[in-house]
Amino acid sequence: MSSIEVIEPATERVMAELPRGGAEEVDAAVARAKAAFPAWGAVNPADRAALLRGLADAIEERSEALAVLEARNAGKPIGDARGEIGMVVETFRYYAGAPERLLGQTIPVGGGVDMTFREPLGVVGLIVPWNFPLTIASWKVAPALAAGNCVVLKPAELTPLTALELEKIALEAGLPEGVLNVVAGPGSVCGARLVEHPDVAKVAFTGSTEVGRGIAAGAAATIKRVTLELGGKSANVVFADADIEAAAAAAPGAVFGNAGQDCCARSRILVERAALDDFLAAMAPHVEALRVGDPLDEATQMGPLISAGQREAVSSYVPDDAPVAIRGSVPDGPGYWFPPTVLAPVGNEERAAREEIFGPVACVIPFDGEEEAIGLANATIYGLSGSVWSRDGARALRVARALDTGVISINSNTSVRVSTPFGGFKQSGVGRELGPDALEHYTEVKNVYYATEG
Ligand code: NAD
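Rules of the game
Residues numbered from 1 in each chain as written. Predicted model: local features only at pLDDT ≥ 70, side-chain atom pairs only at ≥ 80, totals over all residues. Heavy atoms only, no water. Pairing = 2+ DSSP bridges. Helix = DSSP H or I, 4+ residues; strand = E, 2+ residues; numbered from the N terminus. Right-handed = clockwise from strand over helix to strand, strands pointing away. Contact = heavy atoms within 4.5 Å. Axes fitted to C-alpha atoms, helices over the stretch in contact; angles between N-to-C directions. Salt bridge = Lys/Arg side-chain N within 4 Å of Asp/Glu carboxyl O. Buried < 20%, exposed > 50% of the residue type's maximum accessible area, 1.4 Å probe, protein only. Domains from an automatic or database assignment. Buried area = accessible area lost by both parts, 1.4 Å probe. Polar contact = N/O pair within 3.5 Å; in protein donor to acceptor, adjacent residues only side chain to side chain. Nonpolar A, V, L, I, M, F, W, Y, C, P; charged D, E, K, R; others polar.

1. Focus on the pairing of strand β9 (residues 225–229)
Sheet topology places strand β8 (residues 202–206) next to β9; five bridges connect them, and they run parallel. Each bridged residue has a counterpart across the sheet, and for Val 203 the counterpart in β9 is Val 226. Crossover handedness for the path β8 to helix α8 (residues 209–219) to β9: right-handed. Here β9 runs beside strand β17 (residues 429–430); their pairing, made up of two bridges, is antiparallel. Note on β17: the bridge partner recorded for Leu 228 is Val 430.

2. Focus: the sheet that holds strand β7 (residues 180–182)
Spatial strand order, β7-β6-β5-β8-β9-β17: six strands in an open sheet with mixed pairing. The sheet is open, and its two edges are formed by β7 and β17, each paired on a single side. Against the sheet, helix α5 (residues 133–146) touches β5 (123–127), β6 (150–154), β7, β8 and β9, its axis set at about 165° to β6. In this fold α8 packs onto β5, β8 and β9, with an angle of close to 175° to the strand it touches most, β9.

3. Describing the sheet that holds strand β16 (residues 409–410)
Ordered in space as β12-β13-β14-β11-β10-β15-β16, the seven strands form an open sheet in which the pairing is mixed. This sheet does not close on itself; its edge strands, each paired only once, are β12 (324–327) and β16. On top of the sheet, helix α10 (residues 276–288) reaches β10 (235–238), β11 (268–272), β12, β13 (341–343) and β14 (361–367); it is set at about 35° to β12, its chief contact.

4. Some words on the pattern of salt bridges
Applying the stated rule across the entire model yields 22 salt bridges. Glu 196 serves as the salt-bridge partner of Arg 193, at 2.9 Å between the closest nitrogen and oxygen. Of this pair, Arg 193 and Glu 196 both sit in helix α7 (residues 187–196), three residues apart, roughly one helical turn. For Arg 193, a relative accessible area of 19% gives the class buried. Since its relative accessible area comes to 46%, Glu 196 is described here as partly exposed. The structure contains a network of salt bridges with shared partners spanning Asp 241, Glu 370, Arg 395 and Arg 398.

5. A few points about the domain arrangement of the protein
Along its sequence, the protein is carved into domain 1 (3–230 + 427–451) and domain 2 (235–417). If you average the C-alpha positions of domain 1 and of domain 2, the two centres end up 30 Å apart. The interface is formed by 31 residues belonging to domain 1 together with 28 residues belonging to domain 2. Note on domain 1 versus domain 2: buried area summed over both sides is about 2,300 Å², and carbon and sulfur give 62% of it. Viewed at the interface, domain 2 and domain 1 are joined by one salt bridge. Taken together, the connections running from domain 1 to domain 2 amount to ten residue pairs in polar contact (both at pLDDT 80 or more). Breaking the side of domain 1 that touches domain 2 down by element, the ones donating at least two residues are α3 (63–74) and α4 (78–96). A breakdown of the residues in the side of domain 1 that touches domain 2 according to their chemical character gives 15 nonpolar, eight polar and eight charged.

Below, the structure written as structure tokens:
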């Protein structure tokens, strides 16, 4: 078996070397999961809940080590990495409440009793990206296990380390052998094998829209259940009647967080023309002051990009003649650095405003009036997140309702909470993660009719 060299993006050095899984390893993991499923699906719900609570506690005990590993491998500031591992713990605790609450219905019918049950699917394949490695894995693993499924998790080849730790921690926390399996390897081999495998009932995928399209097509051959969390090009709509200082102070975090490698990045900042100059003037000091550097330095606010290839791709959106209005700075020396960059003004149809850049580049797009704002915000193939900033509450709510997007905040740029549904409209995806909605995607409804008359 060949090996994966795991690179630390802030130093460009190899931080780990591990065996590279292939189709054989996926087949073996699916076989282990299939063998474990009957017993796991039959575990008393209270016991399954206790095992998941135990797993949450075990992750919490290792949270500092996991945060350091994630910060180094994904190049994210240590403070952010701690927050993400905190969310992983919270996610397992939240879904530990689910096994005892997978309720069915009784339905009035003639001649007997009709009732529904939520049944697990069996073996589920979970394919995750490199930008929030363990967090996004937990959004899938926790509801899948809570519903009684067994899991084969495939992390991104660039960031497999915390997923492999999770597999070990789960065994130590008492999860039975075969319930949670991790295979690190290339997507085109290991991911593709999960998608085609006849014993995998469902694939849950987070990644690019392009790969997601192929997964949906591949899953059709075996009529697999599929949920997809894909790309985004979200709008941050700022009306002139908003608290401009507050909107301008919050905007950098919403697009430069995780060095812009965030599917929810509000990378199109739509500003009402009357407020454009004030907004840019208020935003500039926040961008220029961003501390870009060593992920393990407590003061760092933005780390490097994940790879040299990613930096090259991001650079292509900022040619020499790009309208750079604001730019931050980066450290000297090794590391895949790219400065936080604000382009203004940009037309909504320009490439930088149309395509998901997945790097720290924001486009500021002027608009006139509510109707134009809605039209521009919706003129995209994506529909994942977004924000509306206005002091007119009725207008803010009206615009939020008019935007074709799965997750939207008013006077805030937050996207994700463990207890609320997360997912995209249009080509940003299919299905919802987090909250109670996720459980529906890891169960089938069974309808049982019991004749009581005649
Ligand atoms: P990617 O699509 O290249 O890879 C994602 C995962 O799919 C990886 O594990 C990869 O190995 C695997 N994969 C690649 N080719 C495959 C194939 N042919 N069959 C099966 N699996 C395959 O994405 P990425 O570059 O790792 O992540 C960035 C993308 O993820 C961005 O587009 C971003 O918007 C998206 N994303 C979406 C969300 C969301 O919740 N909507 C969250 C995070 C990231």
